Amino acid sequence: MGKHQILRNCSLSCVEFAAALLCVQRMEGMLSSFQSDLSSISSEIQPLQQQCWRMEGMLSSFQSDLSSISSEIQTLQQQSVSMNLRLKNRQAVRSQLSQLVDELVVPSTMISPVTEQEFLEQLHELNSKINYAKELSFKETLACSDIQDIVDRLKIKAVSKIREFILQKIYSFRKPMTNYQIPQNTLLKYRFFYQFLLANERTVAKEVRDEYVDTMSKIYFSYFKSYSGRLLKVQYEDVADKDDLMGVEDTAKKDILQTAGFFSKPSLKSRNTIFTLGQRGAVLSPAELEGPILIPHTAQRGDSRYPYETLFRSQHYALLDNGCREFLFLSDFFMVAGNSALDLFNSIMGKTLSMFLKNLSTYLSDCYDSIAVFLCIHIILRFRAITVKRNIPALDKYWEAVLELLWPRFELILEMNIQSIRNTDPQKLGVLDTRPHYITRRYAEFSSAVVSINQTFPNERTHTLLGQLQVEVENFVLKMAAEFPSRRDQLIFLINNYDMMLGVLMERAADDSKEVEGFQQLLLARTQEFIEEILSPPFGGMIAFVKESEALIEKGQLDKLRNDEARITQLVRGFSSTWKQSVEALSQDVMRSFTNFKNGTSIIQGALTQLIQYYHGFHKVLSQPTFRSLAVRSELINLHHLMVEVKKHKPNF
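Quick caveat: nothing in here was measured; it's all calculated off a predicted structure. (Residues numbered from 1 in each chain as written. Predicted model: local features only at pLDDT ≥ 70, side-chain atom pairs only at ≥ 80, totals over all residues. Heavy atoms only, no water.)

> Even after reading the chapter, I still don't get the overall build of the protein, so can you show me in this structure?
Scanning the protein for helices and strands turns up 20 helices and zero strands. Within the protein, the proportion of its 653 residues that are buried is 42%. In the protein, the proportion of contacts linking residues at least 24 apart, taken out of those at least 6 apart, comes to 79%. Summing over all exposed atoms, the protein offers an accessible surface of approximately 36,300 Å²; the carbon and sulfur share of this is 55%. (Helix = DSSP H or I, 4+ residues; strand = E, 2+ residues; numbered from the N terminus. Buried < 20%, exposed > 50% of the residue type's maximum accessible area, 1.4 Å probe, protein only. Contact = heavy atoms within 4.5 Å. Areas by Shrake-Rupley, 256 points an atom, 1.4 Å probe, with all protein chains shown as cover.)

So this is what it looks like as structure tokens:
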């Protein structure tokens, strides 16, 4: 290192040293200043420390105070819980004691007269107190003994008033011309009276019920006995007897027109119809079935008379109406249901129902009006359906008992009619006539009546008996037809009777009924046979030739007729010259033979159609190679022309 470099370094170090020295001096000044500040701060900190110590003492004191307060709060909380529990217990005791006191407080004057509105409310209140006292007595509450005497006196007083009130209402039923339904409705407003008796004095309740049963039993019996007796006075005097059977020979007491075989309806003012339904079926219509009952004295004043089924309907509708009302009243007022309600109802209505059954049995023992009995059966079936709809089972056994009387009698009368037809001797029935017989008309009217009535409530026993009756009638018609000497008259008789019976049946019975279908088949078969019978005299030769030829054609033996040219010529020319006169005579004969013009017209149309078919067959036979060379073929009438001409002979009715 050089000399000059060393000098430069030394000069720099001196300067730095001077600067450093200056800094040191300044630092010393700052330290002395800081020391003085620290001294002043120290003097200030001492008071603060003293204050902190005082605050610490205060906080320690506050903490001890808080500890004591917390213990006091816990004590207060425990006291509050205890007080709350005591309050709840006192409230519970107060509630029970209040109820007990309220129920045990019984004013000796709380029962008013029965007629006042307050009585019912007081009775409810007394009943509540009695029940409460009974409940407490089981718990051996001493206070019960204090009020028992008052409660017993009030109960006796209430029972006495109720008994007197109800019995007065029941006795009011017995007054003549009284509408007992009005006091019944009044009793329903006070149904709680009987409930009170039943709960507190069963002996009196039984007395009241027995008195009601005895009173109403006598009222119903007296009313229906009188009503039934007065109804019989407006019944038709002339009724069916044991000689009024379907197969019995007609006599002078029958209607003259009916004897002649024409339909007639005897006047209902003088005689009830036996085999004809007429207007009698209207009794089953809803309007009449549930219509007002007959008033006998009004009917007598107007000199009106009615068939038995109308009286039967009126009598039993009155029973139905009163029975349903009575059953509902008993169930409501006496609070009974099920078998108990039925037993109570029977104790009231039993005597009346027995009288009805006895009277019906007496009537049926001498009844031969099968339509009346059958209508009565269906009246009962409909009334039974009404009670089922109303949910009233009270009369169910009675309906069954009535049906058990009616059904056997109906079957017996029907069997008697069947036997009467079976035993009929055609030779004892007077002059033969091809018109409809009065016995078949009786059957047709009766069968259509029974079938139409039976459609609503079908019964297999009825169908069976009607089937037996139909068989006997068919046999009778065949026996009667056998009395005619010619087959033509036999067929006319059969067709007239089948047609009449079918027409009457179709007026009331369904088209698909067994009776209608059976007679349709018989009529069709006999009509077809009759057509062959009436075509035979004028056209029998041609018809026989056609049938013979068709049979030989099927066998391939038509050549056997090759030598019958003369016969064929006679047939062709005979038909051409006489067919118009023959058809005219045939038409007039048919119209004279049948009482039903419509049926006669149908037979003529069938005969002419059959004639055209035979002539068409005649054409076909003669067109066969065997007969093609015959000159007489040119004389055949044109088939279309024949059809046009035939139509002119069809009568229009």
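What follows continues from the structure just given.
> Hey, could you run me through a nonpolar patch on the surface in this one?
A contiguous nonpolar patch, built from Phe-34, Leu-38, Ile-41 and Ile-45 and spanning about 350 Å² of accessible area, is present on the exposed surface. Here Phe-34 lies in helix α1 (residues 3–104). On the basis of relative accessible area, Phe-34 is assigned to the partly exposed category, the value being 46%. (Patch = residues over 30% accessible without salt bridge, like charges linked within 9 Å, V, L, I, M, F, W, Y side chains within 5 Å. Salt bridge = Lys/Arg side-chain N within 4 Å of Asp/Glu carboxyl O.)

> For this particular structure, what's the right way to read the packing of aromatic side chains?
Think of a pair of aromatic rings as described by two things: how far the centres are apart, and how the planes are tilted against each other in angle. Evaluated as defined, the whole model comprises 35 aromatic pairs. With centroids separated by 5.4 Å and ring planes inclined at 55°, the aromatic side chains of Tyr-212 and Phe-334 adopt a geometry described as tilted. Taken together, the positions of Tyr-212 in helix α6 (residues 202–232) and Phe-334 in the loop between α10 (308–333) and α11 (338–365) put the pair 122 residues apart, joining distant regions of the chain. The class of Phe-334 is buried, set by a relative accessible area of 3%. One aromatic cluster in this structure is built from Tyr-220, Tyr-223, Phe-224, Tyr-227, Tyr-317, Phe-356, Phe-383, Tyr-398 and Trp-399. Here Arg-409 stacks its cationic end above the ring of Tyr-368, 5.1 Å away from the centre of that ring. For the cation-ring pair, Arg-461 lies above Trp-407, with the distance from its terminal atom to the ring centre recorded as 4.5 Å. (Phe/Tyr/Trp six-rings, centres within 6.5 Å; stacked < 30°, edge-to-face > 60°. Lys NZ or Arg CZ within 6 Å of the ring centre and 35° of its normal.)

> Explain the side chain of Asn-496 here, please?
Within the secondary structure layout, Asn-496 lies in helix α16 (residues 487–508). A polar side-chain atom of Asn-496 sits 3.4 Å from the main-chain amide nitrogen of Thr-595. Apart from the residues lying within four places of it in its own chain, the contact partners of Asn-496 are Thr-434, Arg-435, Pro-436, Ser-593, Phe-594 and Thr-595. (Polar contact = N/O pair within 3.5 Å; in protein donor to acceptor, adjacent residues only side chain to side chain.)

> How should I be thinking about the packing of helix α12 (residues 370–389) against helix α14 (residues 438–454) in this particular structure?
When two helices pack together, their arrangement is captured by the angle between the axes and the distance separating the axes. The N-to-C vectors of α12 and α14 enclose an angle of 5°; their axes lie 11 Å apart at closest approach. Relative to α14, the element α12 is oriented roughly parallel. Packed against α12, whose contacting residues are Ser-370, Ile-371, Phe-374, Leu-375, His-378 and Arg-382, the element α14 presents Phe-446, Ala-449, Val-450, Ile-453 and Asn-454 at the interface. (Axes fitted to C-alpha atoms, helices over the stretch in contact; angles between N-to-C directions. Parallel < 35°, antiparallel > 145°, perpendicular 65-115°, else oblique.)

> In this structure, what is going on with the pattern of salt bridges? I would like to understand it.
Any two side chains of opposite charge can pair if their charged atoms end up close together. Summed over all chains, the structure comprises 23 salt bridges. A salt bridge links Arg-280 to Glu-309; its shortest N-O distance comes to 2.7 Å. With Arg-280 in the loop between α7 (256–259) and α8 (286–289) and Glu-309 in helix α10, this residue pair connects regions lying 29 residues apart in the sequence. On the accessibility criterion, Glu-309 (0% relative accessible area) is buried. In this structure, the salt-bridge partner of Asp-589 is Arg-488, at a minimum N-O distance of 2.3 Å. Of this pair, Asp-589 sits in helix α18 (residues 565–593) while Arg-488 sits in helix α16; the two residues are 101 residues apart in sequence, bridging distant segments of the chain. The class for Asp-589 is partly exposed, based on a relative accessible area of 21%. Take Arg-488: its relative accessible area is 23%, and that puts it in the partly exposed class. One network of salt bridges, in which partners are shared, links Arg-488, Asp-489, Asp-589 and Arg-592.

> Which parts of the structure should I look at to understand the state of the cysteines?
Each disulfide consists of one covalent bond between the sulfur atoms belonging to two cysteines. One pass over the full model with this rule turns up zero disulfides. Cysteine Cys-367 is unpaired, with the sulfur of Cys-376 as its nearest cysteine sulfur at 7.9 Å. (Disulfide = S-S within 2.5 Å.)

> Help me out: how do you make sense of the environment of Tyr-306 in this one?
Residue position: Tyr-306 is located in the loop between α9 (296–301) and α10. In sequence terms Tyr-306 and Leu-294 are 12 residues apart; their C-alpha atoms lie 10.0 Å from each other. With residues near it in sequence (within four places) discarded, Tyr-306 still touches Val-234, Gln-235, Tyr-236, Leu-294, Ala-299 and Leu-311.

> Can you help me understand unusual backbone geometry in this one?
Backbone geometry follows two general trends: most residues other than glycine have a negative phi, and most peptide bonds adopt the trans configuration. In this structure, Met-335 takes a positive phi of about 55° despite not being glycine. Along the chain, the position of Met-335 falls in the loop between α10 and α11. Taking relative accessible area as the criterion, Met-335 reaches 38% and is therefore assigned partly exposed. For Asn-391, which is not glycine, the phi dihedral falls at a positive 60°. As for its placement among the helices and strands, Asn-391 is situated in the loop between α12 and α13 (396–422).

> Just checking my understanding: could you explain the packing of helix α15 (residues 460–481) against α16 for this structure?
Packing of α15 against α16 brings their axes to within 9 Å, and their N-to-C directions diverge by 150°. Our classification of the angle between α15 and α16 gives roughly antiparallel. As α15 runs across α16, the sense of the crossing is right-handed. From α15, Val-473, Val-477, Leu-478, Met-480 and Ala-481 reach across to α16, where they touch Gln-490, Phe-493, Leu-494, Asn-497, Tyr-498 and Met-501. Of the residues contributing to the contact of α15 with α16, the split by class is nine nonpolar, two polar and no charged. (Left-handed = near helix turned anticlockwise from the far one by under 90°. Nonpolar A, V, L, I, M, F, W, Y, C, P; charged D, E, K, R; others polar.)

> Hey, could you run me through α11 in this one?
Residues that lie three or four places apart on an α-helix share one face, since the helix turns once every 3.6 residues. Along its 28 residues, α11 runs just 36 Å from first to last C-alpha, ending more than 12% under the 40 Å computed at 1.5 Å per residue. The sharpest bend along α11 comes to roughly 60°, located at Met-349. Of all the residues in α11, the buried ones are Ala-341, Leu-344, Phe-345, Ile-348, Met-349, Thr-352, Leu-353, Met-355, Phe-356, Leu-360 and Leu-364. Contacts made by the buried residues of α11 are with α6, α10, α12 and α13. (Expected span 1.5 Å × (residues − 1). Bend = angle between axes of the 7 residues up to and from the residue.)

> Looking at this structure, I do not really get the nonpolar core. What am I missing?
A general trend in soluble globular proteins is that nonpolar side chains are found buried together. Among the nonpolar cores identified, the biggest contains 165 residues, and Ile-166, Leu-406, Phe-446, Leu-469 and Phe-618 are the most heavily contacted of them. Setting aside its immediate chain neighbours within four residues, Phe-618 contacts Met-542, Phe-545, Val-546, Leu-571, Val-572 and Leu-636. (Core = buried A, V, L, I, M, F, W, Y, C linked by side-chain atoms within 4.5 Å.)

> Where do I start with the side chain of Thr-569 in this structure?
Relative to the helices and strands, Thr-569 is located in helix α18. In terms of polar contacts, Thr-569 uses its side chain to reach the backbone carbonyl oxygen of Glu-565, at 2.8 Å.

> Sorry, what's going on with the environment of Phe-165 here?
Here Phe-165 lies in helix α3 (residues 144–172). Distance in space between the C-alpha atoms of Phe-165 and Phe-193 is 9.3 Å, their sequence separation being 28 residues.

> What exactly am I supposed to notice about the confidence of the model for the protein here?
Parts of the model with low pLDDT should not have their predicted coordinates read in detail. Residues with a pLDDT of 70 or more make up 86% of the protein, whose mean pLDDT is 84. Note that residues 252–272 has pLDDT below 50 and, in this model, 39 contacts with residues that lie over four places away or in other chains. (pLDDT = per-residue confidence, 0-100.)

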